[in-house]
Each structure stands twice: as structure tokens, then as C-alpha cells.
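# What the coordinates show
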Amino acid sequence: MEPNRSPDVVVAKVIAWTPDGSVRYLDQTRLPREEVFREARSIDDTVEAIRTLRIRGAPLIGIGAAMGLVAAATLEARGGRLTSEWLDNAIARLTDARPTAVNLAWAMQRMRRVGVEALETTSDPARLVGVLRAEAQRIWDEDAAMCRAIGQVGNRLIPDGATVMTHCNAGALATGGIGTALAGIYVAHELGKRVRVLSCETRPLRQGARLTAWELSCAGVPVTSVVDSVAASLMRKGEVDLVVTGADRVAANGDVANKIGTYGLAVLAKAHAIPFYVAIPRSTIDLSCASGDDIPIEQRSADEVDAAPGADVYNPAFDVTPASYVHGIFTDRGLVEPPYEKTIRSIFD
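So, a few notes on the structure that sits alongside this text. (Residues numbered from 1 in each chain as written. Predicted model: local features only at pLDDT ≥ 70, side-chain atom pairs only at ≥ 80, totals over all residues. Heavy atoms only, no water.)

### As for the overall build of the chain
Of the regular secondary structure elements, the chain holds 11 helices and 14 strands. Whereas a compact globule of 349 residues would reach a radius of gyration of roughly 20 Å, the chain reaches 20 Å, a difference of no more than 12%. In terms of overall dimensions, the chain has C-alpha extents of about 65 × 50 × 45 Å along its principal axes. Expressed as a percentage of the 349 residues in the chain, the buried residues total 56%. Long-range contacts, defined as pairs at least 24 residues apart, comprise 74% of the intrachain contacts of the chain with a sequence gap of at least 6. Accessible surface computed for the chain: about 14,200 Å², of which carbon and sulfur atoms make up 49%. (Helix = DSSP H or I, 4+ residues; strand = E, 2+ residues; numbered from the N terminus. Rg over C-alpha atoms; globule rule 2.2 N^0.38 Å. Buried < 20%, exposed > 50% of the residue type's maximum accessible area, 1.4 Å probe, protein only. Contact = heavy atoms within 4.5 Å. Areas by Shrake-Rupley, 256 points an atom, 1.4 Å probe, with all protein chains shown as cover.)

So, in C-alpha cells, the structure goes:
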């Protein structure tokens, strides 16, 4: 794709409704070599898309699951099979598709709530589908607005001429809008600031090298893809001004679960006196989770690691960064700073 100078060209491709009620999405496992679009019509289709990382990124997983639920409900309604039992089973399966990202469970709780309320007042399957679709669209629209608000916060903390290091992909490909970690970069770029990005390669599936570098290039933002193990050297040379990452879940005490390798970057940033920020919508904060110790960590397949035959493989998708390493959190309600036990709860008041 030719540079467009705007992330909107990526936003428009990521996910969409189709005229027949299914969900069309960009298969992110095929990027950057080719743009392949797939459709999800059933719960099986959506669960597989989320588990295989064809649909990925904490906010987008929630959005995609909500839309996939609507697509499957549309088929069930046509066949006269849309019941409360089906809805409960479908939501449970979607919630279990990936355990670490709290946005998925959050979105499914919202969908279940409106679905149950609709079932109590109507026996019309078409009306129930309409209620579910309206809620899925609200989840999507709200996330897009939160991304823009996060971008405004991030822009204020990104100086002109800054070099920003980021990990994994937390941009337009991972959300319903312009992203979280990349949102501040996009807003700064729109305002004419000279911003350069160092995109860490990132396991699993090299999502930083493949996805972040691709979408920033599409938007005309200068980006250099770097292997994860070079971060310390770049920081020591003074080539990193700040680190900004997204997150899949933030505990009530400010501990952050994000793609594996984030914790190492946070430790390095603190050792080199470099600000380490996390950018999230409020939906990524789990107030029921006291600390990072309570966050489930997804284990990926050994097949994703090119190890010697017969060797055991340890391949966690995420790690947890203690709150003490987090300089601040960009949210749609502003910058949250320590002590997180108090400030995180304040943005929900």
C-alpha cells in the first residue's frame, strides 16, 4: 500500500459489516506481504480468527467478538434457533477464545446484558439481532472515540523531534480507531511534529515488525523495525526518548499485562532514566483484578518457535510489568500517574 499520510486508510480496512450480516476482516497473519480479507459468519469462524491472531489487539478482539456474535445470531435467527441458551453458550465460547485480554470478557458481558434484557421483552428474533448489533456498533464507536482521546493525551507528552520505541502492535490494526500506543504518535504526526518510531520485532508472530512497521509506513510516519535484543544498546546510546506500549489488561494496582518482552523494556527504560508509558482505553482496566499476579497468561503453541527437535518450548504470549516501572498511563480520561491504587479508580468516577 502506498503511504497515505493518515491512519484512516488502515482503520477502514481492519473490520466491517457486510450487507448480508457477516463480518469482513483483514487477516493480520498475512501482513505485510499481502492483504487478505476473510468473513466470519459463525461462532466457530470468530473463535478461530481470534485464536489464530487473524483478529488481534485487545480492543479489536472485543469488537470482533461482539460483531461475530451478531453475525452468528443472524444465522440462528433465520433458522428459528436463537434462544437464551444459544446466546449463553456462544458468549462463553467467545470469552474463552483468548484469556489475557480483558476487553474480550468486557465486551461479551455487555453483549450478554443487552441480549438478556431484550429476551425478557421480546420473542422476535429479528429485534434481538437488532439490539445485539446496535450494542456491538456502540462498542466499536466508543473505542474509536477513546483512541482519539488517548492520542490527544499522548501527543502532549511526545516532543517535537522525539524517537519513540514501541512494542508489539497497538495501532489501527489493534483497535476500533487510530490505536492506543500509536494514537499519540499519529496525532503528533498530524500536527506536524517530527516523530520517529523504533518498532520492536515482538513475539509471538513478530507483530511489531510485521504490523506496526506496516501501518506506520502506510501513514507516512518514519519507522525503523528493530530486533528486540537491541533495545538496551539503543537506549544506552541515547537513541530512545520515551517508550510507549499498549496493554491487554491493567490491574487495579497499575500492573500491566502486555505482549511478552514488555517487562524487559520497562526495566531497561528505568535503568536508563527513559519514561515508560502505557496507552489504554478504560475498558482495558480490570478493577476486579487486584494485581498482575491475578492475570492469566496465555501460552502459545511450541510450533511458533523454531527450536531443535525434542527440545521443550516455553512460549508465553504475555508478561506482567509491575506498576513501579510505569511512568504514566495514557487513557481516554487523561494521564494517570502514581499512586495507581488511587488514580486508576478516579477515572471511573
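More follows now that the structure is in view.
### Comments concerning the sheet that holds strand 3 (residues 37-40)
Strand pairs in the sheet, formed through backbone hydrogen bonds, run parallel or antiparallel to each other. Spatially, the 3 strands line up as an open sheet ordered 1-2-3, and their pairing is antiparallel. Two strands close off the open sheet at either side, each with one partner strand: strand 1 (15-17) and strand 3. Averaged over all neighbouring strand pairs, the angle between strand axes comes to 25 degrees, with direction disregarded. Across 3 bridges, the pairing between strand 1 and strand 2 (residues 23-26) is antiparallel. The partner of Ala16 across the bridge, within strand 2, is Arg24. (Pairing = 2+ DSSP bridges. Axes fitted to C-alpha atoms, helices over the stretch in contact; angles between N-to-C directions.)

### Focus on the nonpolar core
Membership of the largest hydrophobic core comes to 50 residues, with the highest contact counts inside it found for Leu69, Trp86, Met108 and Met111. Residue contributions to this core peak at 12 residues, all from helix 3 (residues 58-78). Contacts of Trp86, omitting those with residues within four sequence positions, involve Ile43, Leu69, Ala72, Ala73, Glu76 and Arg81. Counting residues in hydrophobic clusters, the runner-up holds 27 residues, among them Ala231, Val240, Ala269 and Ile280. (Core = buried A, V, L, I, M, F, W, Y, C linked by side-chain atoms within 4.5 Å.)

### Things to note about the sheet that holds strand 9 (residues 256-259)
Across the sheet, which stays open at both edges, the 4 strands sit in the order 11-8-9-12 with mixed pairing between neighbours. Lying at the two open borders of the sheet, with one neighbouring strand each, are strand 11 (285-286) and strand 12 (318-321).

### Examining the pattern of salt bridges
Summed over all chains, the structure comprises 21 salt bridges. Across the salt bridge formed by Glu39 and Arg41, the nearest N and O atoms sit 2.6 Å from each other. Looking at Glu39, the relative accessible area reads 34%, which means it is partly exposed. Salt-bridge contacts for Asp160 lead to Arg194; the nearest nitrogen and oxygen are separated by 3.1 Å. (Salt bridge = Lys/Arg side-chain N within 4 Å of Asp/Glu carboxyl O.)

### Notes on the pairing of strand 6 (residues 223-226)
Bridge count between strand 5 (residues 196-200) and strand 6: 4 bridges; the pairing is parallel. Paired with Val197 across the two strands is Val223, which belongs to strand 6. You can see the chain leave strand 5, run along helix 8 (residues 207-218) and come back into strand 6, and the turn it takes is right-handed. (Right-handed = clockwise from strand over helix to strand, strands pointing away.)

### Brief notes about the state of the cysteines
This structure, assessed with the given rule, holds 0 disulfides. In this model Cys168 remains outside any disulfide bridge; the closest cysteine sulfur is found in Cys200, 10 Å from its own. The buried category is assigned to Cys168, whose relative accessible area is 4%. Not part of a disulfide, Cys289 finds its nearest cysteine sulfur in Cys168, a span of 20 Å. (Disulfide = S-S within 2.5 Å.)

### Re unusual backbone geometry
Here the residue pair Leu31 and Pro32 is connected by a cis peptide bond, since its omega of 5 degrees sits within 30 degrees of zero. Relative to the helices and strands, Pro32 resides in the loop between strand 2 and strand 3. A cis amide bond links Arg203 to the next residue, Pro204, at an omega of -10 degrees. Relative to the elements of secondary structure, Pro204 occurs in the loop between strand 5 and helix 8. We note that Thr202 has phi near 75 degrees; this positive angle belongs to a residue other than glycine. In this structure, Thr202 sits in the loop between strand 5 and helix 8. Even without being a glycine, Arg206 presents a positive backbone phi close to 50 degrees. Assignment of secondary structure puts Arg206 in the loop between strand 5 and helix 8.

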